Amino acid sequence: RCQTAILLFGAFVVYLSATVKTAQGLIAVRFFIGLIGGSFVPCQYWMTMMFAGNTVGTANAVAGGWGNLGGGFANIFVGGIIKLLRENAGVADDVAWRIAFVFPATVL
């Protein structure tokens, strides 16, 4: 339940990042996104407690690997969305990245 609440809060913060207009807003959003990213360590600890010693390394590797894969995919996909919005829809740069942030927030 706690991890679910943290991830839902994280999705809300990522949605809010599209509304940032000032340096102070960016600092606040990045602070909370950093807190969400900090949930990785408790996840690894939880995995260590849930799996037997002979499989815990594999379980932690899979959980960590999927997390990294998701982050990498989001970066590539969001970049593609921004490019499509700018080139095909004629959306301005400062608006395209804000619209593109809807994707990772929704998936999160």
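Here the structure is shown first, and the text comes after it.
To start, this report covers the structure provided alongside it.

About the thresholds
Residues numbered from 1 in each chain as written. Predicted model: local features only at pLDDT ≥ 70, side-chain atom pairs only at ≥ 80, totals over all residues. Heavy atoms only, no water. Helix = DSSP H or I, 4+ residues; strand = E, 2+ residues; numbered from the N terminus. Rg over C-alpha atoms; globule rule 2.2 N^0.38 Å. Buried < 20%, exposed > 50% of the residue type's maximum accessible area, 1.4 Å probe, protein only. Axes fitted to C-alpha atoms, helices over the stretch in contact; angles between N-to-C directions. Parallel < 35°, antiparallel > 145°, perpendicular 65-115°, else oblique. Left-handed = near helix turned anticlockwise from the far one by under 90°. Contact = heavy atoms within 4.5 Å. Nonpolar A, V, L, I, M, F, W, Y, C, P; charged D, E, K, R; others polar.

Turning next to the overall build of the protein chain. Helix and strand counts for the protein chain come out as six helices and zero strands. N-terminal to C-terminal, the α/β element order of the protein chain is α-α-α-α-α-α. Relative to the globule expectation of 13 Å for 108 residues, the C-alpha radius of gyration of the protein chain, 17 Å, shows a markedly less compact shape. Projected onto the principal axes, the alpha-carbon positions of the protein chain cover approximately 55 × 30 × 20 Å. By residue count, 22% of the 108 residues in the protein chain fall in the buried class.

Two numbers describe how helix H3 (residues 40-50) lies on helix H4 (residues 56-87): the axes approach to 9 Å, and their chain directions differ by 150 degrees. When the axis of H3 is compared with that of H4, the two are roughly antiparallel. Between H3 and H4 lies a crossing whose hand is right-handed. Between H3, through Phe40, Gln44, Met47 and Thr48, and H4, the contact on the second element is made entirely by Val56, Ala59, Asn60, Ala63 and Gly64. Each residue belonging to the contact of H3 with H4 can be placed in one class, and the counts come to five nonpolar, four polar and no charged.

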